[in-house]
Amino acid sequence: MRCLYLAGACGSIGTQTLDIVRENPSEFKVIGMSVGRNKELAVRLIEEFHPEIVCFRENYLYELSYTPKIVVGDAGLLELASYSKYEDEVFVNALVGMSGLMPTISAIKAHKTIALANKETLVAGGDIVKEYVKKYNVALVPIDSEHSAILQCLQGESHKEIKRLIITASGGSFRNKTRDELKGVTKEAALKHPNWSMGAKITIDSATMMNKGFEVIEAHHLFDVPYEQIDTILHPQSIVHSMVEYKDGTIKAELGVSDMHTPISYALRYPHHNVQESKQLDLFGLKLDFMELSKDRFPCLGYAYYAASRGGIYPAVLNAANEAAVKLFLNDKIEFLEIERIIEKEIKDDKYMEIPYTLENVVSVSLSLMKEILSRYGVD
Ligand SMILES: NC(=O)c1ccc[n+]([C@@H]2O[C@H](COP(=O)([O-])OP(=O)(O)OC[C@H]3O[C@@H](n4cnc5c(N)ncnc54)[C@H](OP(=O)(O)O)[C@@H]3O)[C@@H](O)[C@H]2O)c1
């Protein structure tokens, strides 16, 4: 029995993780969960899975039929992550944004396996998180479909034989639009992803292509591959979830339907696949297109490589500027193209060069930058 602590249970990844638990009660048990602002859903999930510890995002009054240990807010997330009683414990991080970083570190310190969906953790604090992973000797398994694909393509292979990782991108909601046509696009249109149903932030990140930039940074940390050996490619069908090219010309790819249950299930069972049959890919009539992913068309992808090349605290600055800009866009405070401009200004600013890359600085610089950008537009 694997004991799960699920942070972000009410979100897109969180609820899909719970689908897997629901279908496999003899394999997984939810010991802890953090729930979001949707009170009705939160109560329903708590009553169904009966976790021992629950972290509420806000201090509402909840009527429950039993008395779990209750913790609240950011401090509560850390308590949830460090609560530990059982042998085989997995911390599933399905939070969105910077709020995922510190709980990941607390869970590592509690010797839990990390099943990581929260991309901001590795973007902002990649090298630091990896040091903790090494020090506490825990496994960190990606949930994201692209990294899950790469992980599978690397099984049994030797690192020195890798030529490059090739991360595929669907192109997001505006993949067929020119840059001119992006002027004045609406939030509603940006939130309509053609292939995947996901939370709001990652859907906007997909439309700007920052999501792919984040995945490049995550892949660098997860697989110890230099940035020069990580490429991205446009693949509108989202059937090939990513590939590894070897020096002898072999390309290994992982293919499947666009359903996050599959990579979540793999992360929970790593290195094993689910033995029960689920949605199968119909190979007949399969159409696979691959095209160049242009950094002129999608500047945010270039910004991610640029921030990574500056190193130190710059990926955290990239992440924080993006998080604030996306929030502003979702709050109708800025236009879609303003997201890019806000990010570009920050990552090109030399003032962050002097700031040492420590966990404390990653957190404090990120939080103050987000606050500062939001306050320019009167948002908390
Ligand atoms: N969705 C996907 O298919 C997908 C695929 C790959 C990777 N990811 C990554 O996985 C992560 C989660 O994505 P998602 O799409 O599942 O997001 P989501 O649907 O927005 O869910 C995130 C959940 O985290 C909760 N949360 C956020 N900040 C919190 C905080 N400070 N304290 C407590 N709870 C907090 C939210 O609470 P509320 O309910 O109150 O908002 C929400 O329930 C992101 O980093 C995303 O990039 C997602």
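Within an unreviewed UniProt entry, the label attached to the chain reads 1-deoxy-D-xylulose 5-phosphate reductoisomerase, and the organism entered is Anaeroplasma bactoclasticum. Per UniProt, the comment on the chain under Catalytic activity (unreviewed entry) is "2-C-methyl-D-erythritol 4-phosphate + NADP(+) = 1-deoxy-D-xylulose 5-phosphate + NADPH + H(+)". Recorded in UniProt under Function (unreviewed entry), the annotation for the chain is "Catalyzes the NADPH-dependent rearrangement and reduction of 1-deoxy-D-xylulose-5-phosphate (DXP) to 2-C-methyl-D-erythritol 4-phosphate (MEP)."

S.K.: So what exactly am I meant to see when it comes to the overall build of the chain here?
M.R.: Counting secondary structure elements, the chain contains 14 helices and 11 strands. Seen through its C-alpha atoms, the chain measures out along the principal axes to roughly 55 × 50 × 40 Å. Here the chain holds 380 residues, and the buried ones make up 56% of them. Just so you have it, the chain exposes about 16900 Å², and 51% of that area is on carbon and sulfur atoms. Across the chain, the 42 positively charged side chains and the 52 negatively charged ones have centroids separated by 2 Å.

S.K.: When you look at the pattern of salt bridges in this model, what are you seeing that I'm missing?
M.R.: Pairing between side chains of opposite charge can happen when their charged atoms approach one another. Taken as a whole, this structure holds 29 salt bridges when the rule is applied. Among the salt bridges present, the one from Arg22 reaches Glu48, with a minimum N-O distance of 2.6 Å. With Arg22 in helix α1 (residues 12-23) and Glu48 in helix α2 (residues 39-49), the pair connects residues that are 26 residues apart, well separated along the chain. Exposure remark for Glu48: the relative accessible area of 39% places this residue in the partly exposed category. One salt bridge in this structure joins Lys252 and Glu157, with 2.8 Å as the shortest N-O distance. Linking Lys252 in strand β11 (residues 251-255) with Glu157 in the loop between α6 (145-153) and β8 (162-169), this pair joins segments that are 95 residues apart in sequence. Residue classification places Lys252 among the partly exposed residues on the basis of a relative accessible area of 24%. Through salt bridges with shared partners, a single network forms among Lys119, Asp144, Glu146, Lys212 and Glu215.

S.K.: Looking at this structure, I do not really get the pairing of strand β9 (residues 230-234). What am I missing?
M.R.: Regular strands have side chains that alternate between both faces of the sheet. The alternating pattern of β9 places Ile230, Thr232 and Leu234 on a buried face, while none of Asp231 and Ile233, on the opposite face, is buried. Here β8 pairs with β9 via five bridges, running parallel. When the bridges of β9 are listed, Ala169 appears paired with Leu234.

S.K.: Is there a simple way to think about the nonpolar core in this case?
M.R.: Most often, soluble globular proteins have nonpolar side chains that are buried together. The biggest cluster of nonpolar side chains holds 127 residues, and the ones touching the most others in it are Met33, Ile143, Leu165, Leu318, Phe336, Ile339 and Ile343. Of the residues forming this core, the biggest block, 11 residues, is contributed by helix α12 (residues 314-330). Not counting residues up to four positions away in its chain, the partners in contact with Leu318 are Val123, Met210, Phe214, Ile217, Tyr303, Ala304, Ala307, Ile343 and Ile347.

S.K.: Teacher, can you tell me more about the site of the ligand here?
M.R.: Close to the ligand lie 23 residues; Ser12, Ile13, Arg37, Glu120 and Gly199 are nearest. Arg57 is positioned with one of its side-chain polar atoms (N or O) 3.1 Å from an oxygen atom of the ligand. Note that an oxygen atom of the ligand is positioned 3.2 Å from one of the backbone N or O atoms of Lys119. Isolated, the ligand exposes 890 Å² of accessible area, and the fraction of that covered by the protein chains is 87%. Counting only elements with at least two residues in the shell around the ligand, the list comes to α1, α3 (73-82) and α5 (119-136). For the shell around the ligand, the two domains that each supply at least three residues are domain 1 (2-142) and domain 2 (145-256 + 278-308).

Thresholds, definitions, all that
Residues numbered from 1 in each chain as written. Predicted model: local features only at pLDDT ≥ 70, side-chain atom pairs only at ≥ 80, totals over all residues. Heavy atoms only, no water. UniProt positions renumbered as here; feature names shortened; annotations may be inferred. Helix = DSSP H or I, 4+ residues; strand = E, 2+ residues; numbered from the N terminus. Buried < 20%, exposed > 50% of the residue type's maximum accessible area, 1.4 Å probe, protein only. Areas by Shrake-Rupley, 256 points an atom, 1.4 Å probe, with all protein chains shown as cover. Lys, Arg positive; Asp, Glu negative; His and termini not counted. Charge placed at Lys NZ, Arg CZ, Asp CG, Glu CD. Salt bridge = Lys/Arg side-chain N within 4 Å of Asp/Glu carboxyl O. Pairing = 2+ DSSP bridges. Core = buried A, V, L, I, M, F, W, Y, C linked by side-chain atoms within 4.5 Å. Contact = heavy atoms within 4.5 Å. Near = heavy atom within 4 Å. Polar contact = N/O pair within 3.5 Å; in protein donor to acceptor, adjacent residues only side chain to side chain. Domains from an automatic or database assignment.

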